[in-house]
Structure formats: structure tokens, C-alpha cells
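# Working through the structure, step by step
Okay, here's what each chain looks like letter by letter:
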Amino acid sequence: MDKLEKKTNRRDFLFTASYTVGAVGIGAVIWPFVDQMNPDRSVKALATTEVDISQIEPGKSITVLWRGKPVFIKRRTESEILEAQKVNLNELPHPEKDEERVKKSEWLVMLGVCTHLGCVPLADKGEYKGWFCPCHGSHYDTSGRIRKGPAPTNMEIPKYEFVNNNTIKIG
Amino acid sequence: MSDTPYVPSSKFGKWFNDRLPLLTLSAHLQDYPTPKNLNYWWTFGGILTFCLVTQIVTGLVLAMHYVAHADLAFDSIEHIMRDVNYGWLLRYIHSNGASMFFLAVYIHIFRALFYGSYKSPREVIWIIGMLIYILMMATAFMGYVLPWGQMSFWGATVITNLFSAIPFVGEGITTWLWGGYSVDNPTLTRFFSLHYLFPFIILGLVILHIWALHVPGNNNPIGIDIKKPSKDTVPFHPYITIKDLFALLIFIIIFSGFIFFSPNVMGHPDNYIQANPLITPTHIVPEWYLLPFYAILRSVPDKLGGVILLFASIFILLALPWLDKSKVRSAVFRPIYRIFFWVLIIDVLALGYVGAMPAEGLYLLIARVGTAYYFLHFLVILPFLSRVEKTDPLPLSISEPVFGGMPKPAMMKSDKKNKNE
Amino acid sequence: MSKINLRFFLTLLFLFSITSSNAAEKVKLLSPDWSFKGITGKFDRASLQRGYQVYNEVCASCHSMRLLSYRNLGEKGGPEFTEDEVKNIAASFEVTDGPDSQGEMFTRPGRPSDRFVSIYPNVEAAAAANGGAYPPDMSVLVKSRKGGADYIYSVLMGYEDPPANIKLDEGVYYNKYMEGKKIKMSQPLMEGIVTYSDGTNATEEQMAKDVTAFLTWAAEPHLEARHKMGFKVIIFLIILTVLVYFSMKRIWSRVDTEV
């Protein structure tokens with residue numbers, strides 16, 4: 001009786017161990033097949049872009065491609081800055097101070113992607129003199145904040161820094 | 001196939017099974033009575049299924065990164081090798097997987113030849129298997145073109161030019177195959193498309209192959225018909241599954257050895273040079289698994305003759321069940337056939353060897369003798385042998401190795417009677 | 001049945017022996033003690049870094065390496081230059097970029113994400129500048145030659161005065177390891193042609209070894225990761241196989257047949 005029990009226990013252990021080790025192996029095999037779809041090394045290497053901004057006149061903006069998305073770099077005029085700063089935060093669907101959204105108030109750097117469904121908004125359009133998304137009618141102000149329309153949040157600010165007065169490094 | 005029809009235990013199971021009998025199928029696959037004396041040569045069916053699935057899955061993810069364009073294909077492969085996460089692993093599994101697939105399929109085929117698994121009532125299994133093998137060769141050939149290296153390009157050029165040997169329409173066929181006047185971008189893109197398609201046709205044929213197998217049941221090393229289920233059989237699960245798994249793991253260890261420690265040994269260095277239509281490599285060889293056929297092709301001095309012989313050497317296998325008429329299946333009980341079986345193996349290996357060598361001098365002579373013998377084996381030796389060979393007595397069953405001592409044809413008849421009961 | 005198996009394996013063995021003996025004919029290549037050979041083989045970082053220096057100062061004047069990027073030099077398993085070193089290396093090259101907003105191409109200092117800058121704009125230009133012989137791209141050179149690293153090393157070390165019976169044309173050199181023993185590249189490595197920044201004595205042999213190691217890495221940048229993973233995978237598989245073997249024995253003990 002005792003012997004029989006021992007035998008079954010050992011059998012159970014053997015089978016359990018086989019199943020466990022096998023399951024670990026299958027898990028380990030699956031990972032490369034999943035991970036191969038993540039951004040590869042060459043994509044990650046392009047994660048930063050340096051942009052020369054010395055040629056941009058006040059009031060004008062350029063659009064550069066970063067990680068496959070447009071980034072708006074706008075040199076704002078005094079009046080645009082003032083307008084962005086004086087807004088009452090209580091009026092905003094997504095309250096953010098303009099100062100929180102820029103590093104130098106003259107330069108607005110943001111992802112040019114509507115936070116509704118990913119279209120690219122048009123510059124200098126809309127009821128708030130900022131951007132207007134033609135897809136579903138979202139209005140953004142001169143700080144890229146959502147003011148009216150279906151978009152839930154302000155346009156995103158990417159990670160960036162001023163390398164010097166003429167160059168911005170995005171990413 | 002089991003005695004009592006399967007009834008699912010749960011109510012939902014019964015409801016579902018009445019509408020789509022998947023549970024009956026799964027019960028059949030588990031209980032499927034299998035001869036208990038199957039040796040390790042029989043594990044290659046499972047191994048081949050693993051190979052096919054591995055090739056399909058790795059191929060699927062490689063296709064996410066590969067670019068089928070003459071200007072970009074080579075670089076996209078290197079992109080996979082260098083930048084894609086685990087890309088080198090996936091590609092080496094896929095490229096070495098092709099070789100392992102053929103290694104396994106050759107063992108599987110020669111197992112069938114040795115134990116007479118192609119004989120009645122398993123002719124359809126054999127023919128489907130041969131169709132799978134032919135499609136495998138086509139798939140592997142087109143896959144080898146995709147990296148767009150020198151061997152890819154010139155291999156494609158040489159093989160597609162085979163069709164130009166056909167009288168009158170040959171030129172038209174090659175132009176049609178190429179989509180141009182030489183192997184070029186249109187050829188590459190269509191090969192990619194077909195290379196993606198064929199494995200799924202193979203998968204369909206594999207299902208038919210297994211279906212056709214499950215009608216008469218497995219052959220076995222002593223090649224006699226057995227009662228199913230009986231003392232001579234075991235349920236497929238867990239007995240055969242665990243044995244197949246063990247063999248598969250040994251196979252994967254060898255496979256891993258290639259992938260991780262000599263991933264390029266089965267390939268050709270020239271394929272790491274981008275295709276160049278102006279320079280032919282000094283020595284064009286196909287992948288190792290096609291070498292015997294390549295030797296047959298080159299053994300004939302005539303272009304059309306070589307091509308005909310090449311295709312004949314493959315298609316002759318389809319007729320094998322009617323060339324070898326011996327009632328005794330297993331070579332274990334066929335002392336003379338057994339010798340010729342080994343001679344055939346040596347012949348095919350020798351053909352493979354000279355296929356890799358320049359077609360001149362002694363090599364050419366060996367190729368010619370080998371080719372002649374290959375056809376001799378199937379067209380003369382087998383039909384003749386099945387009439388004159390005196391076979392050893394067969395046992396009555398697997399469990400009781402009692403020899404019947406009767407003449408074989410009577411033996412076979414009595415076995416068949418048993419089965420029909 | 002075991003007799004049959006044995007015979008089958010003997011036949012296979014025979015096949016392998018004839019194929020390998022055939023591979024071993026021809027000239028025996030030089031084979032230094034490569035650190036990256038064998039199942040636990042790894043690259044020697046210092047050697048790879050020196051090898052890059054040799055490539056950059058000697059080979060790169062003719063041979064491109066278009067599949068590599070400067071960032072690769074800092075990646076794990078390679079020469080592993082520091083991030084700043086990689087940036088400096090990249091910045092020392094002029095990269096053509098563009099078009100800018102005016103539609104003009106312009107040059108800028110290289111970034112780590114840039115591909116290695118080739119000295120020639122295309123294959124034709126490279127061939128024209130080298131007497132009609134195109135200096136092959138070196139990205140996967142090691143894998144594209146039979147004999148691999150040993151072959152590259154041997155060719156680098158194989159320059160000799162030609163035997164009296166061989167007459168060489170202008171711009172053709174004698175190399176005993178080259179196919180046909182003739183090569184259009186003049187001897188690239190001479191003692192002291194490079195001054196190693198780490199102070200290693202730049203003998204011909206040392207440079208050949210370093211640059212070959214570098215080219216081997218360039219052709220197979222994940223070699224170390226592959227060896228490491230392979231080692232783990234095989235150990236794991238052996239454990240699993242042993243477990244499955246005993247499970248199989250146990251299951252089959254229920255019937256009277258041996259497995």
C-alpha cells in the first residue's frame with residue numbers, strides 16, 4: 001500500500017515537472033514571435049530628431065516628421081502668446097497653463113495629431129486662431145489646447161530640448 | 001473507429017457535437033488504435049507536422065519584415081538579421097528549418113520504402129505524401145530565391161530554364177514564368193506570393209494524408225494487418241503522443257545545434273552576395289536536398305532528355321505501389337528486397353554527392369551509373385523481385401510472434417478476412 | 001531493428017565524411033585562435049575596436065560597409081564603443097541629407113542612426129576607381145566567402161612574391177590563398193600603417209586579426225547573443241527531454257512493449 005502510494009506520488013511529480021518545464025519552454029518560444037513586432041533597432045535609433053529653427057519667422061510654423069508623426073514647431077507672435085496665457089483655465093475642457101506647455105514662450109513644439117482620432121489639424125484655422133481639425137471639427141487655441149469639438153485632450157507635447165538657440169532636439 | 005460511438009459528457013458538449021462533431025474527432029484522434037510495435041522511424045510523421053507548423057509560423061512573421069523587391073529584398077533580409085527583435089533567430093529557424101524539414105521527410109519516405117507502407121491499402125496515403133513532397137520542393141526552391149543573393153538568382157535562372165527544354169512552347173513558358181526576359185523583379189514577387197501560398201496547400205494535403213492514414217490505420221514494422229483495437233494496439237494518446245514528443249525533442253536539440261552554432265552550414269556563402277545578373281558564381285549548386293535530382297538532370301547530355309529524366313525520377317515514385325507487387329510489406333521479411341533497399345539508399349546518397357561536384361570526369365560517370373540504377377531499381381528490380389523473391393514467414397500477430405508457416409498469399413488473405421469482420 | 005538503425009547511421013556518417021573531406025581539399029587556410037569560435041565563443045572588445053580602426057583607416061578608402069550604421073558600434077555584443085565615442089565617430093563623417101525646404105541636398109555631420117558613409121557613390125564609380133575591379137562591400141563579406149574568417153585572414157596574410165613561372169599584369173598581385181592566386185588589391189596591411197590608439201603594436205598579423213574579427217562581427221552582429229541563447233536553449237531542452245523520457249517510460253510500463 002505504502003509502496004503503491006509512493007509510486008503514484010513519484011509519477012505525479014514526474015508528469016507535473018514535465019508539464020511545467022514544457023509550459024515554460026512554450027512561453028519562452030512565444031516571446032520572440034511577439035517581440036518581433038515591437039519597434040526594431042533602426043526605428044528606435046531614429047527616436048530623436050534635431051531641427052534647425054533659425055529660419056522660422058515669427059508667426060510662422062514648420063512641420064517636421066518625428067517617429068512617423070508630424071511635429072508642429074511654431075514661433076508665436078507676442079499677441080498669440082498673450083492670448084494663450086490670459087485664458088481662464090476654468091473654460092478649458094483640459095485645463096493646462098500655457099507656461100506648462102512651452103519651454104520658451106516664443107516656441108510651441110507639439111505633436112500635430114488631433115487627440116480625437118489622429119488626423120492632422122490645419123494651422124491658423126478655427127474659432128480660436130490656433131488649429132482646426134478637418135476630420136471632426138475640433139478647435140485648438142494658440143497653445144494647442146482643445147477648446148471646442150470632440151477631441152478629449154490638448155495636443156500632446158513631445159519630449160524635446162533646446163540644444164542651442166537655433167536647434168531643437170525632439171525625443 | 002472505436003467500438004462504441006463517442007458521446008460527450010456535458011450537455012453543451014453534446015449540443016455542440018451534434019452540430020459540429022469536433023469532440024468526436026478529438027476523441028477519435030486520442031483513442032485511435034495504433035500498433036504498439038511502431039519504432040522510432042515512425043515518429044517522423046509528428047516531427048514533420050512540427051516542421052510544417054514551424055515553417056509557417058516563422059515564415060508568417062518574417063513576411064512582416066521582408067520586402068519582395070529586387071532592389072530591397074537582400075537588404076530587407078539583412079535588416080531582419082540585424083535590427084528586427086529576434087530577427088536573426090526567426091530567420092535562422094526558417095532557413096535551417098527547411099533543411100531539417102527535408103531531412104525528416106527523407107527519413108519518412110525511406111521508412112515507407114523499407115516497411116512497404118505504400119502498399120495496398122495505403123496507396124492513396126503514399127500518393128498524397130508524394131504530392132506533398134513535390135510541393136515542398138517547389139516551396140523550398142522559391143523560398144531560396146527570396147533573399148535575392150547570387151545563389152537565389154542563378155538557382156532561379158537555371159531551374160526556370162529547365163522549362164525552356166520543352167519543344168515549341170518552352171521559350172514562351174519561361175518568359176511567362178519570369179514575367180520578363182530574364183529572372184527579375186516580377187519573378188521575385190510572384191515567387192514570394194507562391195512561397196506564401198504553397199505551405200497552406202501542403203497543410204491541406206497533410207490533413208488529407210492523415211485522414212487517409214486513419215482509414216486503414218498505421219502500417220507497422222512487421223507489416224502485417226492487425227485487428228484494431230486489440231492487444232496489438234495502444235491508444236494514440238498518451239502512448240504515441242509521448243513517444244513522438246520524446247523523438248521530437250531529440251530532433252529539436254539537433255535543430256537547435258544548427259540554428260545556434262552553425263546556422264549557415266547548410267546554406268551557400270554566395271547567397272550573402274547580392275544578386276548580380278552579370279556574374280555567375282563559379283559553382284552553382286542547389287540546396288543539398290535537391291542534389292540527387294540535380295545529378296540526374298546533369299547526367300544526360302541532352303537538354304530535353306535531362307529534364308524529362310528529372311521529372312520522371314520524381315513522378316516514378318507515384319507509381320511505386322503498382323511497381324512493387326510483393327504481398328509482403330515489411331523488408332524485415334524480404335531478404336533480397338532488403339539488400340536492394342540499402343543499395344538504393346547508397347545510390348541516392350551517391351547521386352547527392354556527385355550533384356554537388358562539377359559535372360565532369362569520374363563524377364559524371366558516377367552520376368550516369370547512379371541515374372541508370374535509380375530507374376533500374378524502380379522499373380526492373382522491384383517488379384521482378386515481387387515475383388521471384390522467397391520471403392520469410394510472417395508472424396500471426398504483434399503480441400504473439402508465432403510464425404504461421406503458411407505461404408504468404410494465403411496469409412495475407414486471412415489477414416484481410418480478419419479486417420473485414 | 002537496431003541493426004538496421006546502425007547501418008543507416010553508418011551510411012550517414014559515410015556521407016558526412018566524404019563531404020567534409022572534400023571541403024578540406026585545396027589550400028589549407030591559416031586559422032588563428034579566434035575567440036569567437038566554439039559554442040561559447042565571444043568577441044574580444046579591444047580587438048573589435050582596433051579592427052574598426054583598421055577598417056576605417058585602411059579598408060574604408062575603397063570598401064564600403066553599407067549595411068552597418070554607426071549606432072551598431074555601440075551595441076551590445078559588438079565593439080561596444082561608449083555612447084559618446086559613437087557620436088564622435090558618426091560626427092566625423094559628412095552625411096548627405098535632404099532635400100531641405102529649398103529642395104537642395106546638403107551635408108551635415110553624421111549621427112549614430114546613419115549608415116556607414118561609402119567613399120564611392122555607386123558600384124560603377126567604385127569599379128572605375130579601382131581598375132575595373134569592384135572592391136566588394138564588407139558588411140557580410142565574411143559570410144559570403146567559403147572559409148569565412150579564416151579565409152579573410154589568410155588573404156590578408158597571403159601576399160608573397162610570385163613564383164618565377166607566374167607572370168602578373170600591371171595592377172595584379174600574387175596571393176596564395178586567393179582563388180587563381182591572383183588579386184587586384186595591393187597588399188593593404190603593412191607594419192605600422194595604423195597607430196593603434198590603445199598602444200597595441202600594429203604588426204601585420206595583429207592588424208589582420210583585428211580587422212577580420214571586426215568583419216566577422218559586422219557580418220554576424222548577434223553572434224554572442226546567439227551563442228548565449230543557444231547554450232541555454234540546449235540545456236533546457238536536455239532537461240525537458242530527460243523528463244519526457246522518464247514520463248514515456250512510465251506510461252509505456254503499462255503495456256508489455258519496450259520503447
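The shown structure was predicted, so the numbers you read here are calculated from the model rather than taken from an experiment. (Residues numbered from 1 in each chain as written. Chains lettered and ligands numbered in written order. Predicted model: local features only at pLDDT ≥ 70, side-chain atom pairs only at ≥ 80, totals over all residues. Heavy atoms only, no water.)

This next bit is on the interface of chain C and chain B. Contacts between chain C and chain B engage 50 residues on the former and 50 residues on the latter. Roughly 4500 Å² of surface becomes buried between chain C and chain B when both sides are summed, with 73% attributable to carbon and sulfur atoms. Applying the counting rule to chain C against chain B returns two salt bridges. The shortest N-O distance in the salt bridge between Arg66 of chain C and Asp75 of chain B comes to 2.8 Å. Across the chain C-chain B interface, the total number found is eleven residue pairs in polar contact (both at pLDDT 80 or more). Looking at the side of chain C that touches chain B, the elements with two or more residues in it are helix 1 (2-23), helix 6 (204-219) and helix 7 (223-252) of chain C. By residue number, the principal contributor to the side of chain C that touches chain B is helix 7 of chain C, which donates 18 residues. (Contact = heavy atoms within 4.5 Å. Buried area = accessible area lost by both parts, 1.4 Å probe. Salt bridge = Lys/Arg side-chain N within 4 Å of Asp/Glu carboxyl O. Polar contact = N/O pair within 3.5 Å; in protein donor to acceptor, adjacent residues only side chain to side chain. Helix = DSSP H or I, 4+ residues; strand = E, 2+ residues; numbered from the N terminus.)

Turning our eyes to something else, we now look at the interface of chain C and chain A. At the junction of the two partners, chain C supplies 14 residues and chain A supplies 16 residues. With both chains or domains summed, chain C and chain A bury close to 1300 Å², and 65% of this area falls on carbon and sulfur atoms. A per-residue breakdown of the area chain C buries against chain A is headed by Phe236, Leu243 and Arg250 of chain C, which together make up 41% of the total. Taken together, the connections running from chain C to chain A amount to one residue pair in polar contact (both at pLDDT 80 or more). Partitioned by chemical class, the residues of the side of chain C that touches chain A number six nonpolar, three polar and five charged. (Nonpolar A, V, L, I, M, F, W, Y, C, P; charged D, E, K, R; others polar.)

Glancing now at the domain arrangement of chain B. Residues and elements named next belong to chain B. Split by domain assignment, chain B resolves into domain 1 (33-221 + 235-284) and domain 2 (286-393). Taking only C-alpha atoms into account, the centre of domain 1 sits 22 Å from that of domain 2. Counting from both sides, the interface comprises 37 residues of domain 1 and, opposite them, 38 residues of domain 2. Roughly 3300 Å² is buried in total at the junction of domain 1 and domain 2, and carbon and sulfur atoms are behind 71% of that figure. (Domains from an automatic or database assignment.)

Strand-to-strand pairing in sheets goes through backbone hydrogen bonds, with the strands running parallel or antiparallel. All names here are of chain A. The four strands are arranged 5-6-7-8 in an open sheet whose pairing can be described as antiparallel. In the strand order of this sheet, the two ends are held by strand 5 (122-123) and strand 8 (146-148), each with one partner. Here strand 7 (residues 138-140) pairs with strand 8 via two bridges, running antiparallel. Looking at strand 8, one finds that His139 is bridged to Lys148. (Pairing = 2+ DSSP bridges.)

Picture a little ball the size of a water molecule; that probe, rolled over the atoms, points out where space is still empty. All names here are of chain B. The full count for this structure, using the stated rule, is seven cavities of 30 Å³ or more. The space that makes up the largest cavity amounts to roughly 150 Å³. Taken together, 17 residues make up the lining of the largest cavity; nearest its centre are Phe141, Gly155, Ile159, Val285 and Pro286. By residue number, the principal contributor to the lining of the largest cavity is helix 7 (residues 150-161), which donates six residues. Here the residues of the lining of the largest cavity sort into 14 nonpolar, two polar and one charged. A domain-level breakdown of the lining of the largest cavity finds at least three residues from each of domain 1 (33-221 + 235-284) and domain 2 (286-393). (1 Å grid on protein atoms, 1.4 Å probe; cavity = no way out; pocket = protein on both sides within 12 Å on 5 of 7 lines; lining within 4 Å. Points joined across faces, edges and corners; volume = space filled by probe spheres on them.)

Looking now at the packing of aromatic side chains. Residues and elements named next belong to chain B. For the coordinates displayed, the defined rule picks out 47 aromatic pairs over all chains. Summarising the aromatic geometry, the rings of Tyr337 and Phe341 are spaced 6.5 Å apart at their centres and angled 45° between planes, so their arrangement reads as tilted. Placement of the pair is Tyr337 and Phe341 together in helix 14 (residues 335-355), with a separation of four residues, close to one helical turn. Phe341 matches Tyr337 in its accessibility class, with the two residues each being buried. (Phe/Tyr/Trp six-rings, centres within 6.5 Å; stacked < 30°, edge-to-face > 60°. Buried < 20%, exposed > 50% of the residue type's maximum accessible area, 1.4 Å probe, protein only.)

Okay, the sheet that holds strand 1 (residues 49-52) of chain A next. Residues and elements named next belong to chain A. Strand order in this open sheet of three strands is 1-10-9, and the pairing throughout is antiparallel. The open sheet terminates on both sides in strands that have one partner only, identified here as strand 1 and strand 9 (160-164). Neighbour-to-neighbour, the strand axes of this sheet turn through a mean angle of 30°, independent of strand direction. Both strand 9 and strand 10 (residues 167-170) contribute to a ladder of four bridges, which runs antiparallel. Residue pairing across strands places Glu161 opposite Lys169, the latter belonging to strand 10. (Axes fitted to C-alpha atoms, helices over the stretch in contact; angles between N-to-C directions.)

A few words on the side chain of Ser64 of chain C. Residues and elements named next belong to chain C. Positionally, Ser64 belongs in the loop between helix 2 (45-57) and helix 3 (83-91). Overall, the relative accessible area of 15% leaves Ser64 in the buried class. Contact partners of Ser64, with chain neighbours within four places excluded, come to Tyr55, Ser118, Asp137, Met138 and Ser139.

Residue and element names in this part refer to chain B. Between helix 4 (residues 73-82) and helix 5 (residues 87-115), whose axes approach to 5 Å, the crossing angle comes to 120°. Residue-level inspection shows Ile77, Ile80 and Met81 of helix 4 in contact with helix 5, the latter providing Gly87, Trp88, Arg91 and Tyr92. Here the contact of helix 4 with helix 5 is built from residues that sort into five nonpolar, one polar and one charged.

On the surface, Met37 of chain A together with Leu60, Met64, Tyr196, Phe200, Leu203 and Ile207 of chain B cluster together into a nonpolar patch covering about 660 Å² of accessible area. Here the nonpolar patch takes four residues from helix 9 (residues 185-214) of chain B, the largest share from any one element. For Ile207 of chain B, the position within the fold is in helix 9. (Patch = residues over 30% accessible without salt bridge, like charges linked within 9 Å, V, L, I, M, F, W, Y side chains within 5 Å. Areas by Shrake-Rupley, 256 points an atom, 1.4 Å probe, with all protein chains shown as cover.)

Our next topic: the domain arrangement of chain C. Bring the parts together and some accessible area is lost; that lost area is often taken as the interface size. Residues and elements named next belong to chain C. Segmenting chain C into domains produces domain 1 (39-68 + 115-221) and domain 2 (222-259). Averaged C-alpha coordinates put domain 1 and domain 2 at centres separated by 43 Å. Contacts between the two partners involve eight residues from domain 1 and, on the opposite side, six residues from domain 2. In total, about 730 Å² of surface goes out of reach between domain 1 and domain 2, with carbon and sulfur atoms giving 55% of it.

Under the counting rule described, the total for this entry stands at one disulfide over all chains. One disulfide bridge connects Cys119 of chain A with Cys135 of chain A, the sulfur atoms lying 2.0 Å from each other. Of note, the bridge from Cys119 of chain A to Cys135 of chain A carries an S-S torsion of about -95° and is left-handed in sense. Residue Cys119 of chain A is found in the loop between strand 4 (107-111) and strand 5, and its partner Cys135 of chain A is found in the loop between strand 6 (131-133) and strand 7; the two are separated by 16 residues along the sequence. Given the relative accessible area of 38%, Cys135 of chain A is considered partly exposed. The structure places no disulfide on Cys59 of chain C, whose sulfur is separated from the nearest cysteine sulfur, that of Cys62 of chain C, by 9.1 Å. (Disulfide = S-S within 2.5 Å.)

With omega at -15°, the peptide bond leading from Lys228 of chain B into Pro229 of chain B counts as cis. Its place among the elements puts Pro229 of chain B in the loop between helix 9 and strand 2 (233-235). Between His237 of chain B and the following residue, Pro238 of chain B, the backbone shows a cis peptide bond with an omega angle of 5°. Mapping Pro238 of chain B onto the fold places it in helix 10 (residues 236-261). Even without glycine at this site, Lys129 of chain A takes up a positive phi of about 60°.

All names here are of chain C. Take Asp150: it is sitting in helix 5 (residues 148-157). Through-space distance from the C-alpha of Asp150 to that of Ser31 is 5.2 Å; in sequence the pair is 119 residues apart. Excluding its chain neighbours within four sequence positions, the residues that come into contact with Asp150 are Leu29, Leu30, Ser31, Pro32, Trp34 and Lys37.

Turning our eyes to something else, we now look at the side chain of Thr139 of chain B. Residues and elements named next belong to chain B. With respect to the helices and strands, Thr139 occurs in helix 6 (residues 123-145). Taking relative accessible area as the criterion, Thr139 reaches 8% and is therefore assigned buried. Excluding residues within four positions of it along the chain, Thr139 makes contact with His195, Phe198, Pro199 and Ile202.

Before going further, it helps to examine helix 11 (residues 291-299) of chain B. All names here are of chain B. Burial analysis of helix 11 places eight of its nine residues in the buried class, the great majority of the element. When helix 11 is considered as a whole, its buried residues turn out to be Leu291, Pro292, Phe293, Tyr294, Ala295, Ile296, Leu297 and Ser299. Summarising the contacts, the buried residues of helix 11 are in contact with helix 5, helix 6, helix 12 (303-315), helix 14 and helix 15 (361-388).

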